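# Secondary and tertiary structure notes
So the chains spell out like this:
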Amino acid sequence: MSALEKSMHLGRLPSRPPLPGSGGSQSGAKMRMGPGRKRDFSPVPWSQYFESMEDVEVENETGKDTFRVYKSGSEGPVLLLLHGGGHSALSWAVFTAAIISRVQCRIVALDLRSHGETKVKNPEDLSAETMAKDVGNVVEAMYGDLPPPIMLIGHSMGGAIAVHTASSNLVPSLLGLCMIDVVEGTAMDALNSMQNFLRGRPKTFKSLENAIEWSVKSGQIRNLESARVSMVGQVKQCEGITSPEGSKSIVEGIIEEEEEDEEGSESISKRKKEDDMETKKDHPYTWRIELAKTEKYWDGWFRGLSNLFLSCPIPKLLLLAGVDRLDKDLTIGQMQGKFQMQVLPQCGHAVHEDAPDKVAEAVATFLIRHSVFPGC
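So, a few notes on the structure that sits alongside this text. Small disclaimer: the values here were computed from a predicted structure and weren't measured.

Rules used in this analysis
- Residues numbered from 1 in each chain as written.
- Predicted model: local features only at pLDDT ≥ 70, side-chain atom pairs only at ≥ 80, totals over all residues.
- Heavy atoms only, no water.
- Helix = DSSP H or I, 4+ residues; strand = E, 2+ residues; numbered from the N terminus.
- Pairing = 2+ DSSP bridges.
- Axes fitted to C-alpha atoms, helices over the stretch in contact; angles between N-to-C directions.
- Phe/Tyr/Trp six-rings, centres within 6.5 Å; stacked < 30°, edge-to-face > 60°.
- Buried < 20%, exposed > 50% of the residue type's maximum accessible area, 1.4 Å probe, protein only.

## With respect to unusual backbone geometry
Most peptide bonds take the trans form, and the phi angle of most residues other than glycine is negative. For N169, which is not glycine, the phi dihedral falls at a positive 55°. Structurally, N169 is set in the loop between α4 (157-167) and β6 (174-180). Phi angles above zero are rare outside glycine, and D181 is one such case at about 50°. If you trace the backbone, D181 turns up in the loop between β6 and α5 (184-199).

This is the structure we're talking about:
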C-alpha cells in the first residue's frame, strides 16, 4: 500500500483513482446535468433515510453546545454512529436503512464537533479526549442516568473516537464496539502525506451536484446513492454567497488547482489569492471543515489505538476494506480471538457508504451472535 493510499485513514480517498461504478440504486435515474449521461447527481434529503432529526443541547463550562443527531427506530439497542474526518452523520444514511430492515434497533447518527450541523463554542478543539467527552455528554443528555444498551460504531476518525470513548468508560451501558477501516499502524504511517492529499482536492464546487459528481468520480464515495445524501453534510455555501449559479466546470477547477500546485511559484500563488473572490462567485460551495488545520490532533486520534481497542472488555468488531491494513498488535489480537474481523473487498475507505448492505449484515450478525436480541 502506498503512502497516499494509507492517507485514507483520516476519512478520505485519493482524488484521482480510476472511475468507479456508482454501486447505488439511483444509477438508472435521469440526470440533471451533462450530455449523454444517465446518472443523477442531485442531492437527496436526510428524511429519505432517517425518521427524525434532533439538536441535542449539552451544557459545559463555556456555555451550550448543540449536537445534531439523526435518528431511526423506536425499540432495541442503540447503534451510536460516528463518522470519519470531514464527513458527517449523513454518511450513515444508506447504512441506516439497511440495518433497520435487518434487526430491531435504534439508530443515532451524530455530527461530531466542527462537522455537519453541530455548533460548539470551541470548534477548534478536536482532541480525542474532547470528542470522546462529547459523545458521553450527548448520551447523557439524550437518555439521562439510565441509557439503553448502546453499541458504538465508528468509521476512520470516528472509529478512533469510539475507542477513546469506550476505553474512558464514558458510555456506561456500552454493549459492543465496531471500528470501520481504521488501524493505528497504517493511519500513523499516512500522517506525513495527509497534507499533500488535502491540497490535491478541489477547494470549491460550483454546486451541490458538482460536489456529488466529484465525490463519485474521484472515488471518495463509490456508491452514488450514498454520495447524494452524504456530500450535503460535507460541503457548505461560501460565506457571502447566495446564488449557486456559475460558469466554470468543476473539472476545470480541479485541473487549474493541480497545475498551480505543480508550478508552485510565488507569482502563481499571488494570482491565486487575487482570484479567490472570483472563484467564490463561480464556485460557491466549499468544505464545511478545513481538515488541514486539524493536523495537531491527528497523532492523538490514532497513537496507541490498537492496544486501546484490544483492552476494551466488550465484544468487538473490526471491518476493513483490505487485510493488508492490519498492524502487528491487531494481527496478534485477531489470532488470539480478542475481536471479530471481516474484510469487505472491492470497497474504498468509506466502507459503510460503498457497501452499506454488507456492513449492515456484518453488524446484524455480530449483534445476534452476542445475544443482544433475537433477529427479526
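Back to the write-up after that little detour.
## Quick look at the sheet that holds strand β10 (residues 316-320)
Strand pairing in a sheet takes place through backbone hydrogen bonds and is either antiparallel or parallel in direction. Read from one edge of the open sheet, eight strands run β1-β2-β4-β3-β5-β6-β10-β11, paired in mixed fashion. Two strands close off the open sheet at either side, each with one partner strand: β1 (52-60) and β11 (340-343). Each neighbouring strand pair of the sheet contributes to a mean axis angle of 20°, computed without reference to strand direction. The sheet contact formed by strand β3 (residues 78-82) and strand β4 (residues 106-110) spans five bridges and is parallel. Opposite L80, over in β4, you have V108 as the bridge partner.

## Structural notes on the packing of aromatic side chains
Taken as a whole and assessed by the stated rule, the structure comprises eight aromatic pairs. Ring centres 5.6 Å apart and planes at 55° place the aromatic pair W46 and Y70 in the tilted group. Placement of W46 in the loop between α1 (3-6) and β1 and of Y70 in strand β2 (residues 63-72) is noted, with a sequence separation of 24 residues between them. Take W46: its relative accessible area is 25%, and that puts it in the partly exposed class. Between the aromatic rings of W214 and W287, the centroid separation amounts to 5.7 Å while the plane-to-plane angle is 75°, which identifies the pairing as edge-to-face. Within this pair, whereas W214 is found in helix α6 (residues 208-217), its partner W287 is found in strand β9 (residues 285-287), the two being separated by 73 residues in sequence. Since its relative accessible area comes to 5%, W214 is described here as buried.

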